[in-house]
Amino acid sequence: MLAVKLICVGKMREKFYLDAFSEYAKRLGAYCRFELTELAEVRLPDAPSQKEIGLALEKEAAGILKSIPTDAYTVALCVEGRQMPSEELAKLISRREGSGKPRLCCIIGGSYGLSPRVKAAADLRLSMSEMTFPHHLARVMLMEQLYRGFKINEGSKYHK
């Protein structure tokens, strides 16, 4: 069974996001071993400089890189990443299940994104859209897409 790990910077607090996330985590349990790691976001002043942002991203990167399983295929979610349809994500899941890297690790950064070091370490840089979404909504959207990928692979009618 594939192990799926989600590493996120920041903690979800809004009940509606938590409820949606929990629902998809429960559904994913039938298809994979799911694990969530939430890392603290570095606090910045209201109008941080580029240098302050860069230093914060590097501090967050240390925790992210330490949390990635050594045998994982790593996906960094970032705006400049590659977009793909749900069917292609399903194929990626299927390839991971049958590969020597039986783990899939997805990373979602905080308010200012991800360090270039984290992006460079990823096997795939993935963008959900050219639009900007709240990071907590992106978590829910990723969970739904992972679930959809497993359902596509089983031939379910969930994906129409």
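Once a new chain begins, its residue numbering starts again from 1 and follows that chain's sequence as written. In view of the model being predicted, local features appear only for residues whose pLDDT reaches at least 70, and side-chain atom pairs are presented and counted only at 80 or more, with totals across whole chains, interfaces and linings using the full set of residues. Remark: hydrogens and water are excluded; side-chain values derive from all non-hydrogen atoms of the structure.

S.K.: Lay out the packing of helix α3 (residues 86-97) against helix α5 (residues 135-154) in plain terms, naming residues and giving numbers.
M.R.: Packing of α3 against α5 brings their axes to within 8 Å, and their N-to-C directions diverge by 75°. Classed by the angle they form, the pair α3 and α5 counts as roughly perpendicular. Of the residues in α5, those in contact with Ser86, Glu87, Leu89, Ala90, Lys91, Ile93, Ser94 and Glu97 of α3 are Gln145, Leu146, Arg148, Gly149, Phe150, Ile152 and Asn153. Asp, Glu, Lys and Arg are counted as charged, while Ala, Val, Leu, Ile, Met, Phe, Trp, Tyr, Cys and Pro are counted as nonpolar; the rest, among them Gly, fall into the polar class. When grouped by side-chain class, the residues that make up the contact of α3 with α5 number 6 nonpolar, 5 polar and 4 charged. Here, axes are lines fitted to C-alpha atoms. For helices the fit covers the stretch in contact, and angles between N-to-C directions go from 0 to 180 degrees. The way it works is that DSSP assigns letters per residue, a run of H or I at least four long becomes a helix, a run of E at least two long becomes a strand, and they are numbered from the N terminus. Here is the rule for angles: anything less than 35 degrees is roughly parallel, anything more than 145 is roughly antiparallel, 65 through 115 is roughly perpendicular, and the remaining ranges are oblique. By the convention used here, residues are in contact when the closest approach between their heavy atoms is within 4.5 Å.

S.K.: Quick one: what's the story with the packing of aromatic side chains, residue by residue and with numbers?
M.R.: Only rings of Phe, Tyr and Trp enter the pairing, Trp through its six-membered ring, and a pair is recorded when the two centres are within 6.5 Å. The plane angle decides the type: under 30 degrees is stacked, over 60 is edge-to-face, the rest tilted. What the rule picks out here adds up to 6 aromatic pairs. Geometrically, the ring pair formed by Tyr31 and Tyr147 is edge-to-face, given 6.1 Å between the ring centres and 70° between the ring planes. Note that Tyr31 is positioned in the loop between α1 (15-28) and β2 (33-39) and Tyr147 in helix α5, a separation of 116 residues in sequence. Taking relative accessible area as the criterion, Tyr31 reaches 18% and is therefore assigned buried. Relative accessible area decides the class of each residue, using a 1.4 Å probe on protein chains only: under 20% of the type maximum gives buried, over 50% gives exposed, and in between gives partly exposed.

S.K.: Mind laying out the pairing of strand β3 (residues 72-82), listing which residues take part and the relevant values?
M.R.: The buried count for β3 comes to 8 of 11 residues, which makes it a mostly enclosed element. Whether two strands pair depends on DSSP finding at least two bridges between them. Here β3 runs beside strand β5 (residues 124-126); their pairing, made up of 4 bridges, is parallel. Paired with Val75 across the bridge in β5 is Leu124.

Any functional reading would require information that these geometric values do not contain.
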